[in-house]
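# Commentary on secondary and tertiary structure
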Amino acid sequence: MLREGKVRIIGGKWRSRVITFPDDPYLRPTPDRVRETVFNWLGQELTGKRCLDLFAGSGAMGFEAASRGAEHVVMVELNKSILRWLHGAQEKLGAAQVELVQMNAMAFIASDARQYDVIFLDPPYQFDLLPELITYLPSRLTKDGLVYVESDHGAELDKQWLVWRSGRAGKVYYQLLKLNKNG
């Protein structure tokens, strides 16, 4: 029998609902405590916002955003098996505002011209993708857009970015970034 992981949605219309995902060593769902902090920073409700969960994985951040009223959430995942689980969670929740895309995240961000109010970035740590990814983001953000970054070390940023909020939980560093309008 295939083992599975579980994550609980902590707020919004699907509060306390559990979504499952495959037990995969590369999946690291954002812990409840960190998600709660991040969504407190974002203002709890995301009504009318457009969000991008670029490395969807378990779907914790994307489904949490949809649960809290996001108008549209694009969740990008390369792994077909994980994407099947995300489709299952989408159906279970009735999450019509979630768009699931099977694609390499770097190829997606390079080719997708849409703008987002919130972008969630939690790439696999071992590939060190953040330095390259961050260069694509300014043109993908709305005027007051924010980027959530999760990594195993604080993200090194150039002067065009401001760390608006940051925290650490165990080995996880998380930051909420915004563009430096003076940079």
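Residues numbered from 1 in each chain as written. Predicted model: local features only at pLDDT ≥ 70, side-chain atom pairs only at ≥ 80, totals over all residues. Heavy atoms only, no water.

This paragraph deals with the packing of aromatic side chains. The geometry of an aromatic ring pair is captured by two quantities: the separation of the ring centres and the angle between the planes. A full pass over the atoms with the stated rule returns three aromatic pairs. Aromatic side chains Phe39 and Phe120 sit 5.9 Å apart centroid to centroid with 35° between the ring planes, which places their arrangement in the tilted category. Of this pair, Phe39 sits in helix α1 (residues 32-42) while Phe120 is found in strand β6 (residues 116-121), placing the two residues 81 residues apart along the sequence. Since its relative accessible area comes to 1%, Phe120 is described here as buried. Chaining the aromatic ring pairs together yields one cluster made of Phe39, Phe120 and Tyr148. (Phe/Tyr/Trp six-rings, centres within 6.5 Å; stacked < 30°, edge-to-face > 60°. Helix = DSSP H or I, 4+ residues; strand = E, 2+ residues; numbered from the N terminus. Buried < 20%, exposed > 50% of the residue type's maximum accessible area, 1.4 Å probe, protein only.)

Let us look at the environment of Gly12. If you trace the backbone, Gly12 turns up in the loop between β1 (4-8) and β2 (18-22). Other than its neighbours up to four places away in sequence, Gly12 contacts Ser67 and Arg68. (Contact = heavy atoms within 4.5 Å.)

Turning to the sheet that holds strand β9 (residues 172-179), a few remarks are in order. Read from one edge of the open sheet, seven strands run β5-β4-β3-β6-β7-β9-β8, paired in mixed fashion. Across the chains shown, the open sheet's two edge strands, defined by having one partner strand only, are β5 (98-102) and β8 (161-169). Pairs of neighbouring strands in the sheet enclose a mean axial angle of 15°, with direction left out of account. Sheet analysis places strand β7 (residues 141-151) next to β9, joined by six bridges and oriented antiparallel. Its bridge partner being in β9, Tyr148 is matched across the sheet by Leu176. (Pairing = 2+ DSSP bridges. Axes fitted to C-alpha atoms, helices over the stretch in contact; angles between N-to-C directions.)

Such coordinate-based values are descriptive only and should not be taken to indicate function.
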